[in-house]
Protein chains: 12
Amino acid sequence: MNEHTYKHIELTGSSTTSSDDAIRNAIAQASKTVRNLHWFEVTETRGHIADGKVAHWQVTLKVGFTLEG
Amino acid sequence: MNEHTYKHIELTGSSTTSSDDAIRNAIAQASKTVRNLHWFEVTETRGHIADGKVAHWQVTLKVGFTLEG
Amino acid sequence: MNEHTYKHIELTGSSTTSSDDAIRNAIAQASKTVRNLHWFEVTETRGHIADGKVAHWQVTLKVGFTLEG
Amino acid sequence: MNEHTYKHIELTGSSTTSSDDAIRNAIAQASKTVRNLHWFEVTETRGHIADGKVAHWQVTLKVGFTLEG
Amino acid sequence: MNEHTYKHIELTGSSTTSSDDAIRNAIAQASKTVRNLHWFEVTETRGHIADGKVAHWQVTLKVGFTLEG
Amino acid sequence: MNEHTYKHIELTGSSTTSSDDAIRNAIAQASKTVRNLHWFEVTETRGHIADGKVAHWQVTLKVGFTLEG
Amino acid sequence: MNEHTYKHIELTGSSTTSSDDAIRNAIAQASKTVRNLHWFEVTETRGHIADGKVAHWQVTLKVGFTLEG
Amino acid sequence: MNEHTYKHIELTGSSTTSSDDAIRNAIAQASKTVRNLHWFEVTETRGHIADGKVAHWQVTLKVGFTLEG
Amino acid sequence: MNEHTYKHIELTGSSTTSSDDAIRNAIAQASKTVRNLHWFEVTETRGHIADGKVAHWQVTLKVGFTLEG
Amino acid sequence: MNEHTYKHIELTGSSTTSSDDAIRNAIAQASKTVRNLHWFEVTETRGHIADGKVAHWQVTLKVGFTLEG
Amino acid sequence: MNEHTYKHIELTGSSTTSSDDAIRNAIAQASKTVRNLHWFEVTETRGHIADGKVAHWQVTLKVGFTLEG
Amino acid sequence: MNEHTYKHIELTGSSTTSSDDAIRNAIAQASKTVRNLHWFEVTETRGHIADGKVAHWQVTLKVGFTLEG
């Protein structure tokens, strides 16, 4: 809420279960190395198909975090 | 299906549970005051992150309803 | 991974349950008549509203498959 | 032309006759309840098909009007 | 309104008369070979010019129809 | 069809009658000073409203013509 | 931060001074009648020209506010 | 140039050589089964990377052809 | 407000001072050679950076003017 | 790098050889009559097809040049 | 101007004063850790509202810099 | 193909030779410091002009790689 600067990175998470889970996986993975994750925005929802079923959900998101000065 | 006029409003629903739930919450809230809600279209899916997890799903949608003449 | 040519078709799947299910239904239906479905990409998420609730989720997707030469 | 503030609303008009008529119908309907309508901009042109013919033209437009201070 | 799957095709209709007529022509032509046409959405309006006049209106539209299962 | 170069200009035509007429007016006006007009593409359809009616249709189009070498 | 629903309205503010001032004017005008304004997003920056100078800046913005349940 | 109706299909061609070649391959493959191919428009240029080099160029294009009545 | 035709040109103005000033500079420059400038619309805001500061603001705008018949 | 104003024009170059060549042709043609061409940006890549091959590559580009004051 | 490769990062700067200042703040902050910043491009202008006033301007920009090889 | 997370970076490669070469140069440069590069997608094709010729091709691409967990 102050005069922070934020940086955005773009990630694709994947999941065999659901589109929401692909988002959760990307955020969990990013939080291992980046502190201060604040928000995300979905930019693309895709997936791979095998045997007439969704084999992997793949969701691309921008994730924003505070740059520490 | 007749020569109706429809109006669209834009809402953001939120949920701690899922992206679909954020949509359901926005529609439930809008239906308290607007009659004749007909359809919706998702325009943005975002969320807040806390402790490396999705704290809130926030989905923006356009909602259309019949204007009564 | 070779010099294949892919064709894309655009479908809208629907579901009374969830947005992910509307995607699964479209892919299951397409796989009845098209072989070699490879991937999908969501282009629109909409739905019908009845009684202040989501009556049908309707998700439009592009689906790609290998053209056999 | 002064320091007015304008508000925009989004409407879909329909017509069995033509796309222009769908626009005219939306504006006529809106002008029953909103004063000072100034301009419109078409954002989408769609329609329903029945028996291989256009049954209804449906045109979505943004309509702007002066907020009175 | 049930759990149908819809397919979309993209067509360009042309007319020497008007932009609406180019749409009607595309739909009439498509309905010769595709049953269950439901809706259309205009994606592009173009035309050819000859002698300082519109020689042909060319309107591109997506047309949706029910896939029969 | 040869190795021509084309130039595009952007115009807004207006008409009190119809959206198609606004396009015809822009092309007629441009053809007074530019030779070899070939095609047009609509980029925006707007209009002014007066007394709850469309006072002027305003259609913006790109117009292409052959550069003479 | 809770399970609120937000509504967005679209406004155009104008100013003879600057583009930022056009935004400030739209927000000041909206806050006379709407409580709980939270954020804005600029969607278009335009203006009128007179005598080779900017006569009016006109900035269109979406403004979001909390729906009270 | 007459009142033809055109249909568009979307393809992705691939090539190990160049982006133009991926386009040529898609068109050559499509022309095996579709007559009257008229034009194409590139909508996406992607590729796979292996060992720090472009392994495959993949170009997506819309291809238009005349519907025979 | 009559059946005028307008032409649009696209310019990039630059300024060492501010983004609004880059717009004012482009319009002042254009008004030296084009009469009847009516309106502008910003399409891009960029700039050059030197020594960690904005060295030049560069704003691209469409400018519309009346074609005299 | 000073407070220059730039103007952009939109051209389509064509070539029977390659997409890059269509760009080179458009720039060569434009440089016959416009001085100070600075940069280009591709906005569309299309082409004509004959006998299952690319007959003409057609690339549309914006070209920017310095306005001399 | 040589065969450099550039990398782009996306930042959001904020300011209580003006939209231009939010850009300046983001660039100042980035230049603490990244050398060779060359240009920026604004992709979004937003802000927070408090008490009917702009509390924070938040401008998102892409910033490009030279990769040193 | 497993539950990997991918990260995307945006680069601009340049070349005096061709647009494809600008892409190859960006990927070669990125592969010096980033392992597991998987795919790219072109987002912009630009260039500098000198003496009526393309002096530098500049192609912007997103490049995706696997995040190692």
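Residues numbered from 1 in each chain as written. Chains lettered and ligands numbered in written order. Predicted model: local features only at pLDDT ≥ 70, side-chain atom pairs only at ≥ 80, totals over all residues. Heavy atoms only, no water.

Caption draft 1: Up close: the overall build of chain A. Across its full length, chain A carries one helix and three strands. Taken from the N to the C terminus, the helices and strands of chain A come in the order β-α-β-β. Computed over its C-alpha atoms, the radius of gyration of chain A comes to 14 Å, more than 25% above the 11 Å expected for a compact globule of 69 residues. Dimensions of chain A, computed from C-alpha atoms along their principal axes, come out at roughly 50 × 20 × 15 Å. Looking at the 69 residues of chain A, the share that counts as buried comes to 59%. Once local pairs closer than 6 in sequence are excluded, the contacts in chain A between residues at least 24 apart make up 60%. (Helix = DSSP H or I, 4+ residues; strand = E, 2+ residues; numbered from the N terminus. Rg over C-alpha atoms; globule rule 2.2 N^0.38 Å. Buried < 20%, exposed > 50% of the residue type's maximum accessible area, 1.4 Å probe, protein only. Contact = heavy atoms within 4.5 Å.)

Caption draft 2: Main features of the interface of chain A and chain K. Every contact between the two is made by twelve residues of chain A and, on the other side, 16 residues of chain K. Linking chain A to chain K there are one salt bridge. Here chain A is connected to chain K by five residue pairs in polar contact (both at pLDDT 80 or more). Secondary-structure elements contributing two or more residues to the side of chain A that touches chain K are β1 (5–15) and β3 (53–67) of chain A. Per-element accounting of the side of chain A that touches chain K gives the leading share, four residues, to β1 of chain A. A breakdown of the residues in the side of chain A that touches chain K according to their chemical character gives three nonpolar, five polar and four charged. As judged from the three bridges shared by β1 of chain A and strand β1 (residues 5–15) of chain K, these two strands associate in the antiparallel manner. Bridge pairing in β1 of chain K places histidine 8 of chain A opposite glutamate 10 of chain K. (Salt bridge = Lys/Arg side-chain N within 4 Å of Asp/Glu carboxyl O. Polar contact = N/O pair within 3.5 Å; in protein donor to acceptor, adjacent residues only side chain to side chain. Nonpolar A, V, L, I, M, F, W, Y, C, P; charged D, E, K, R; others polar. Pairing = 2+ DSSP bridges.)

Caption draft 3: Inspection of the relation of the copies chain A and chain K at higher detail. Of the transformation placing chain A onto chain K, the axial shift is 0.0 Å and the rotation is 120°, giving an RMSD of 0.0 Å. Overall, the copies show the geometry of a three-fold rotation axis. The position closest to the rotation axis in chain A is occupied by the C-alpha of isoleucine 9 of chain A, lying 4.6 Å away. (Least-squares fit on C-alpha atoms with pLDDT ≥ 70 in both.)

Caption draft 4: Up close: the side chain of threonine 66 of chain K. Residues and elements named next belong to chain K. Looking at the secondary structure, you find threonine 66 in strand β3 (residues 53–67). The buried category is assigned to threonine 66, whose relative accessible area is 12%. Setting aside residues no more than four positions away along its own chain, threonine 66 makes contact with His4, Thr5, Tyr6, Asn36 and His38.

Caption draft 5: Spatial organisation of the interface of chain E and chain D. The interface is formed by 13 residues belonging to chain E together with 13 residues belonging to chain D. Across the chain E/chain D interface, buried area totals approximately 1100 Å², and carbon plus sulfur atoms make up 58% of it. The three residues of chain E that bury the most area against chain D are Asp20, Phe40 and Glu41 of chain E, which together make up 43% of that side's buried surface. Where chain E packs against chain D, one counts one salt bridge. With its nearest N and O atoms 3.4 Å apart, the salt bridge here joins glutamate 41 of chain E to arginine 46 of chain D. Remark: the boundary between chain E and chain D carries six residue pairs in polar contact (both at pLDDT 80 or more). Of all the secondary-structure elements, those providing two or more residues to the side of chain E that touches chain D are α1 (19–30) and β2 (37–50) of chain E. Counting residues per element, the side of chain E that touches chain D draws most heavily on β2 of chain E, which supplies six residues. Here the side of chain E that touches chain D is built from residues that sort into eight nonpolar, two polar and three charged. Two elements, strand β2 (residues 37–50) of chain D and β2 of chain E, share three bridges in a ladder whose sense is antiparallel. (Buried area = accessible area lost by both parts, 1.4 Å probe.)

Caption draft 6: Summary view of the arrangement of the chains. Where chain A comes nearest to chain F, the C-alpha atoms are still 25 Å apart, and the two do not contact one another. Separated without contact, chain C and chain J have their nearest C-alpha atoms at a distance of 15 Å.

Caption draft 7: Looking closely at helix α1 (residues 19–30) of chain K. Residue and element names in this part refer to chain K. For α1, spanning twelve residues, the distance from its first C-alpha to its last is 17 Å, which sits close to the expected 16 Å at 1.5 Å a residue. If you check which residues of α1 are buried, you get Ser19, Asp20, Ala22, Ile23, Ala26, Ile27, Gln29 and Ala30. Its side-chain oxygen 3.0 Å from the backbone nitrogen of aspartate 21, serine 18 forms the N-cap of α1. (Expected span 1.5 Å × (residues − 1).)

Caption draft 8: The pattern of salt bridges, seen in detail. Under the counting rule described, the total for this entry stands at 48 salt bridges over all chains. A salt bridge links aspartate 21 of chain C to arginine 24 of chain C; the shortest N-O distance between them is 3.1 Å. Separated by three residues within a single helix, aspartate 21 of chain C and arginine 24 of chain C lie in helix α1 (residues 19–30), roughly one turn from each other. What emerges from the salt-bridge pattern is a single network uniting Glu41 of chain A together with Glu44 and Arg46 of chain B.

Caption draft 9: Quick look at the packing of aromatic side chains. Taken as a whole, this structure holds twelve aromatic pairs over all chains when the rule is applied. Ring plane angle 80° and centroid distance 5.7 Å describe the contact between tryptophan 57 of chain E and phenylalanine 40 of chain F, whose orientation is recorded as edge-to-face. With tryptophan 57 of chain E in strand β3 (residues 53–67) and phenylalanine 40 of chain F in strand β2 (residues 37–50), this pair bridges two chains. For the pair formed by tryptophan 57 of chain E and phenylalanine 40 of chain F, the shared burial category is buried. The positively charged end of arginine 46 of chain I is found above the aromatic ring belonging to tryptophan 39 of chain K, 5.0 Å away from the centroid. (Phe/Tyr/Trp six-rings, centres within 6.5 Å; stacked < 30°, edge-to-face > 60°. Lys NZ or Arg CZ within 6 Å of the ring centre and 35° of its normal.)

Caption draft 10: Structural detail: the side chain of aspartate 20 of chain J. Looking at the element boundaries, aspartate 20 of chain J is found in helix α1 (residues 19–30). Buried charged residue aspartate 20 of chain J carries no salt bridge. Nearest counter-charge: arginine 24 of chain J, at 4.2 Å. Only 2.7 Å separates the side chain of aspartate 20 of chain J from the side chain of serine 19 of chain L, close enough to count as a polar contact. Each residue touching aspartate 20 of chain J, except ones within four places of it in the same chain, is listed here: Ser18, Ser19 and Trp57 of chain L. (Lys, Arg positive; Asp, Glu negative; His and termini not counted.)

Caption draft 11: View of the pairing of β1 of chain A. All names here are of chain A. Where burial is concerned, most of β1 is hidden: ten out of the eleven residues are buried. Of the pairings in the sheet, the one linking β1 to β3 comprises eleven bridges and is antiparallel in character. Note on β3: the bridge partner recorded for isoleucine 9 is valine 63.

Caption draft 12: Representation of the environment of tyrosine 6 of chain G. Within the secondary structure, tyrosine 6 of chain G is located in strand β1 (residues 5–15). The buried category is assigned to tyrosine 6 of chain G, whose relative accessible area is 10%.

Caption draft 13: Highlighting the pairing of β2 of chain D. All names here are of chain D. Of the pairings in the sheet, the one linking β2 to strand β3 (residues 53–67) comprises twelve bridges and is antiparallel in character. Note on β3: the bridge partner recorded for alanine 50 is lysine 53. The antiparallel hairpin formed by β2 and β3 contains two residues in its connecting segment, where aspartate 51 sits at a positive phi of about 55°.

Caption draft 14: Spatial organisation of unusual backbone geometry. Even without being glycine, asparagine 36 of chain F reaches a positive phi, approximately 70°. Even without a glycine there, the phi angle at aspartate 51 of chain I is positive, about 55°. Summarising the element assignment, aspartate 51 of chain I is placed in the loop between β2 (37–50) and β3 (53–67). The class for aspartate 51 of chain I is exposed, based on a relative accessible area of 78%.

Caption draft 15: Looking closely at the confidence of the model for chain A. In the predicted model, chain A carries a mean pLDDT of 94, and the fraction of residues at 70 or more is 96%. Interface confidence for the predicted complex, expressed as ipTM, amounts to 0.95; the pTM equals 0.95. (pLDDT = per-residue confidence, 0-100.)

Caption draft 16: Layout of the environment of isoleucine 9 of chain K. Topologically, isoleucine 9 of chain K is positioned in strand β1. Residue isoleucine 9 of chain K is classed as buried on the basis of its relative accessible area of 10%. Distance in space between the C-alpha atoms of isoleucine 9 of chain K and threonine 60 of chain K is 11 Å, their sequence separation being 51 residues. Excluding its chain neighbours within four sequence positions, the residues that come into contact with isoleucine 9 of chain K are Lys7 of chain A together with Leu61, Lys62, Val63 and Phe65 of chain K.

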